[in-house]
Amino acid sequence: MNITKMKIFYVIVLFIMYIKKSNSIDFNYLAAFNFGDSNSDTGDLVAGLGIRLDLPYGQSSFKTSSQRFCDGRLLIDFLMDAMDMPFLNPYLDSLGLPNFKKGCNFAAAGSTILPANPTSVSPFSFDLQISQFIRFKSRALELLSKTGRKYERYLPPVDYYAKGLYMIDIGQNDLAGAFYSKSLDQVIASIPSILETFEVGLKRLYEEGGRNFWIHNTGPLGCLAQNIAKFGTDSTKLDEFGCVSSHNQAAKLFNLQLHALSNKFQAQFPDSNVTYVDIFSIKSNLIANYSRFGFENPLMACCGVGGAPLNYDSRITCGQTKVLDGISLTAKACNDSSEYINWDGIHYTEAANHFVSSQILTGKYSDPPFSDQMPFFLSLKF
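Residues numbered from 1 in each chain as written. Predicted model: local features only at pLDDT ≥ 70, side-chain atom pairs only at ≥ 80, totals over all residues. Heavy atoms only, no water.

Pairing is mixed in the open sheet, where 6 strands are placed in the order β2-β1-β3-β4-β5-β10. Edge positions in the sheet fall to β2 (103-105) and β10 (366-367), since each has one partner strand and no second. Where strand β1 (residues 32-36) meets strand β3 (residues 165-169), 5 bridges bridge the pair, whose relative direction is parallel. Each residue of the ladder has a partner; that of Asn34, found in β3, is Met167. Strands in contact with helix α4 (residues 126-146) are β1, β2 and β3; relative to β1, the strand with the most contacts, it is inclined by about 155°. (Pairing = 2+ DSSP bridges. Helix = DSSP H or I, 4+ residues; strand = E, 2+ residues; numbered from the N terminus. Contact = heavy atoms within 4.5 Å. Axes fitted to C-alpha atoms, helices over the stretch in contact; angles between N-to-C directions.)

Pasting the structure below:
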């Protein structure tokens, strides 16, 4: 290599290093605003629809119902802990004097990226959650401007929005729900329109001042007991781990296009910082190697009825008692949820969420990676 080429080479290397540094992860966020579904809902759907979510939900950490679809803490709880920030209060829960100084959670169980319809579990689609955020921001700034210091302890000031983290974990219900009425090819064909709606939402957040985006891809849907029970009765449709192949194939294609969209958005808005997190790989690795990570049941639900192999019946949700075929049955929790990956056939246990969060915080499952931030990982609590 001659001198001129070497100079060009080093200029290119320095430029790449500069770009990576300018887009590196900074975990010193002033606030966090979360959007999604039950994977990160800390009470929005329960408050919004007035439904009950009693024990055994919440039994592992909160000893009472935490309004989370889990036996304890969610992935987002562990991530907030790791950033030394308080758990996010749900936007729709007005009781308990919620403090929104460090952010707000708009995620609601059952939510989709596409607009909700009359049969949707949740009316709070991604677009509506963003509208709620815009109203939250407008109202918070209005109160702060009119009442002086009265609300300073409870609401984020204007600079927190540009310097905050916008976390998004949604899309699972769009795919899982579609399989009830569509073939695999039809589900795959619908992905571009789903992601077009997602991109519109991202741009709305950007227009509202959001610059730091943390986007989770969707996990292996085919490994959830709910989907195996419904779509995996034919063993030829299952993969080597006992998961429904079609659902995981759709999830992989969705994630591939979501990753491309994330990169496109970063290029289109270079003053933003977009981090794409590969949840699918983390959860797939956990299920494939469950015993190595200290789990005993990769697919079977901890809280349910029916026993092995799935301990799941769609007619009875966790904690419920119903009469089926003349017999009174109660969907009870297992003795030790830390041995299970799946909590209720749809959602992960606290132990599994802890594992997933620990893998996220290594930085190696993110684009861009942030392995140089390893000291941050040490603050993860359990």
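With that settled, the discussion passes to the packing of aromatic side chains. Summed over the entire model, instances satisfying the criterion amount to 27 aromatic pairs. When the ring of Phe33 is compared with that of Tyr161, the centres are 5.3 Å apart and the planes differ by 10°; the resulting orientation is stacked. Linking Phe33 in strand β1 with Tyr161 in helix α5 (residues 159-162), this pair joins segments that are 128 residues apart in sequence. With relative accessibility at 1%, the residue Tyr161 sits in the buried group. The interplanar angle of 85° and the centroid separation of 5.6 Å between the aromatic rings of Phe133 and Tyr166 together place this pair among those described as edge-to-face. Linking Phe133 in helix α4 with Tyr166 in strand β3, this pair joins segments that are 33 residues apart in sequence. In this structure, Phe133 and Tyr166 share a single accessibility class: buried. Seen from the ring of Tyr161, Lys137 lies directly overhead, with NZ or CZ sitting 5.5 Å from the centre. Lying across the ring of Tyr348, Lys283 places its NZ or CZ 4.2 Å from the centre. (Phe/Tyr/Trp six-rings, centres within 6.5 Å; stacked < 30°, edge-to-face > 60°. Buried < 20%, exposed > 50% of the residue type's maximum accessible area, 1.4 Å probe, protein only. Lys NZ or Arg CZ within 6 Å of the ring centre and 35° of its normal.)

Moving on: the nonpolar core. Judged by nonpolar contacts, the single largest core of 87 residues is most densely connected at Phe33, Phe35, Met167, Phe198, Trp214 and Ile360. Top element by residues in this core is helix α7 (residues 184-207). It accounts for 8 residues. (Core = buried A, V, L, I, M, F, W, Y, C linked by side-chain atoms within 4.5 Å.)

Of the voids in this model, the largest pocket is the one considered here, and its volume is about 1,200 Å³. Surrounding the largest pocket, 46 residues form its lining, Gly110, Val121, Asn173, Gln226 and Ile346 being those nearest its centre. When contributions to the lining of the largest pocket are tallied by element, the ones reaching two or more residues are α6 (172-178), α7 and α8 (225-231). If one sorts the elements of the lining of the largest pocket by residue count, α6 sits on top with 6 residues. Across the lining of the largest pocket, the residue classes break down as 21 nonpolar, 19 polar and 6 charged. (1 Å grid on protein atoms, 1.4 Å probe; cavity = no way out; pocket = protein on both sides within 12 Å on 5 of 7 lines; lining within 4 Å. Points joined across faces, edges and corners; volume = space filled by probe spheres on them. Nonpolar A, V, L, I, M, F, W, Y, C, P; charged D, E, K, R; others polar.)

What follows deals with the pattern of salt bridges. Evaluated as defined, the whole model comprises 12 salt bridges. The shortest N-O distance in the salt bridge between Arg204 and Asp127 comes to 2.6 Å. Here Arg204, found in helix α7, pairs with Asp127, found in helix α4; they are 77 residues apart in sequence, far enough to count as distant. The exposure class assigned to Asp127 is partly exposed, which follows from its relative accessible area of 38%. Across the salt bridge formed by Glu199 and Lys203, the nearest N and O atoms sit 3.8 Å from each other. With a gap of 4 residues between them, Glu199 and Lys203 both fall in helix α7, about one helical turn apart. Owing to a relative accessible area of 12%, Glu199 belongs among the buried residues under this scheme. Because the salt bridges share partners, they merge into one network encompassing Arg139, Glu142 and Lys146. (Salt bridge = Lys/Arg side-chain N within 4 Å of Asp/Glu carboxyl O.)

A large share of β1 lies buried, amounting to 5 of its 5 residues. Neither face of β1 is open: one carries Ala32, Asn34 and Gly36, the other Phe33 and Phe35, and all of them are buried. When β1 meets β2, the two strands line up parallel, connected through 3 bridges. Bridge pairing in β2 places Ala32 opposite Gly103.

The buried fraction of strand β4 (residues 212-216) amounts to 5 of the 5 residues, a majority that puts the element mostly inside the structure. Every second residue of β4 is oriented toward a common face, with Asn212, Trp214 and His216 on one face and Phe213 and Ile215 on the other, all of them buried. Alignment of β3 against β4, held across 4 bridges, turns out to be parallel. Looking at β4, one finds that Tyr166 is bridged to Phe213. Judged from the 5 bridges that link them, β4 and strand β5 (residues 273-277) form a sheet pairing that is parallel. Within β5, the residue paired with Trp214 across the bridge is Thr275.

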